[in-house]
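What the coordinates show
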Amino acid sequence: MVFEHLYLVIVSCVLVVVIGVPMGIFTYFHPRWGKVLLTAVDLIQTIPVLAIMGLLMAAFGANSVTTIIAMVLYLLLPIVRNTNTGLNSVSPVLKETADAMGMNRFQRLFEVEFPLAFPFILTGIRIAVVTAVGVAVFGTFVGGGGLGSILYRGIRIQNFELIMKGTVTLMLMSVFFDYLLGFIEKRQGGSYEKMEE
C-alpha cells in the first residue's frame, strides 16, 4: 500500500509539473487570459478533492486514473501561480539587457527568465508534492488504493494502532519529500543569487 501511495503521488506530481509549468508560462505571456486561467485554477482548489474524484469517477470509473486526474487538477494552483510570480519577479533591467543582446522572446525566457524564476517554481512544486501525499489518501474512496485504505479500515473497526501506522507513514513520507525538495531549493537559491550578481 505504501508503494501504491507513492505511485499516486509521483505520477500525479510529474503530470502536474508537465502541465502546470507551461500553464504558468502562458499566464505570463498572456496576462489577460492568464487572469482567467489563474481564477479557474483558484476555483478548482476551492472544491473538495473528494468531490472532484466523485465527479470524475462517473467518467473514468473507480480506479487510480480517476485519483491521479483529480490530484493533478487539485495541485495545479501552487505550480501555475508560482511560475507566473517567478517570471514576473525577474528584474526588468535583466529583461532589457537580454533584449539589447538580440534575444527573441523565447530565448529570453529559457536563457534568462526561467533560470531566475526557477526557485519560485521549485517552491510551488514543493508545496504540490507535500500536499499530494495527504490528498492521495482520498483515492481509496474511488478505488485508487494507497494508504487511505489503512486509515479508513482503522477508523471503521476503531483500531487505533492501524490508524497510527498509516498516519506515521504519511508523516514520514511528507517529511522526506519536504526535506529533499527543500535541500534542492536551497541549492537553487544560491545559484539564483549568483546569477543576479
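Structure shown above.
These lines cover the structure that appears in this document, whether it is placed above or below. All values reported here derive from a predicted model rather than from experimental measurement.

Parameters at a glance
- Residues numbered from 1 in each chain as written.
- Predicted model: local features only at pLDDT ≥ 70, side-chain atom pairs only at ≥ 80, totals over all residues.
- Heavy atoms only, no water.
- Helix = DSSP H or I, 4+ residues; strand = E, 2+ residues; numbered from the N terminus.
- Buried < 20%, exposed > 50% of the residue type's maximum accessible area, 1.4 Å probe, protein only.
- Contact = heavy atoms within 4.5 Å.
- Areas by Shrake-Rupley, 256 points an atom, 1.4 Å probe, with all protein chains shown as cover.
- Lys, Arg positive; Asp, Glu negative; His and termini not counted.
- Charge placed at Lys NZ, Arg CZ, Asp CG, Glu CD.
- Phe/Tyr/Trp six-rings, centres within 6.5 Å; stacked < 30°, edge-to-face > 60°.
- Lys NZ or Arg CZ within 6 Å of the ring centre and 35° of its normal.
- Polar contact = N/O pair within 3.5 Å; in protein donor to acceptor, adjacent residues only side chain to side chain.
- Axes fitted to C-alpha atoms, helices over the stretch in contact; angles between N-to-C directions.
- Left-handed = near helix turned anticlockwise from the far one by under 90°.
- Nonpolar A, V, L, I, M, F, W, Y, C, P; charged D, E, K, R; others polar.

1. Things to note about the overall build of the chain
Of the regular secondary structure elements, the chain holds eight helices and zero strands. The helix and strand sequence of the chain, counted from the amino end, reads α-α-α-α-α-α-α-α. Its C-alpha atoms give the chain principal-axis dimensions of about 70 × 35 × 20 Å. In the chain, which comprises 197 residues, the share counted as buried stands at 42%. Sequence-distant contacts in the chain: of pairs separated by 6 or more residues, those separated by 24 or more amount to 75%. Of the roughly 10800 Å² of accessible surface on the chain, a fraction of 68% belongs to carbon and sulfur atoms. In the chain, 13 positive and 12 negative side-chain charges are present, and the distance between their average locations comes to 7 Å.

2. Observations regarding the packing of aromatic side chains
Taken as a whole, this structure holds five aromatic pairs when the rule is applied. In textbook terms, an aromatic cluster arises when at least three aromatic residues are bridged by ring pairs, as seen for Tyr28, Phe29 and Phe106. Taking the ring centre of Phe29 as reference, the NZ or CZ of Arg105 above it sits at 4.2 Å.

3. Notes on the environment of Ser89
If you trace the backbone, Ser89 turns up in the loop between helix H4 (64–88) and helix H5 (92–100). A relative accessible area of 35% places Ser89 in the partly exposed class. In this structure, the C-alpha to C-alpha distance between Ser89 and Leu116, residues 27 residues apart in sequence, is 8.8 Å. Within the structure, the side chain of Ser89 is placed 2.7 Å from the backbone oxygen of Gly86, a separation counted as a polar contact.

4. Some points on the packing of helix H1 (residues 2–29) against helix H6 (residues 105–135)
H6 packs onto H1 with a crossing angle of 145 degrees between their chain directions and a minimal axis gap of 10 Å. Crossing of H1 against H6: the hand is right-handed. Residues His5, Val9, Ser12, Cys13, Val17, Val21, Ile25, Tyr28 and Phe29 of H1 form the contact with H6, whose own contacting residues are Arg105, Phe106, Arg108, Leu109, Glu113, Phe114, Ile121, Ile125, Ala128, Val129, Ala132 and Val133. Classifying every residue of the contact of H1 with H6 gives 16 nonpolar, two polar and three charged.

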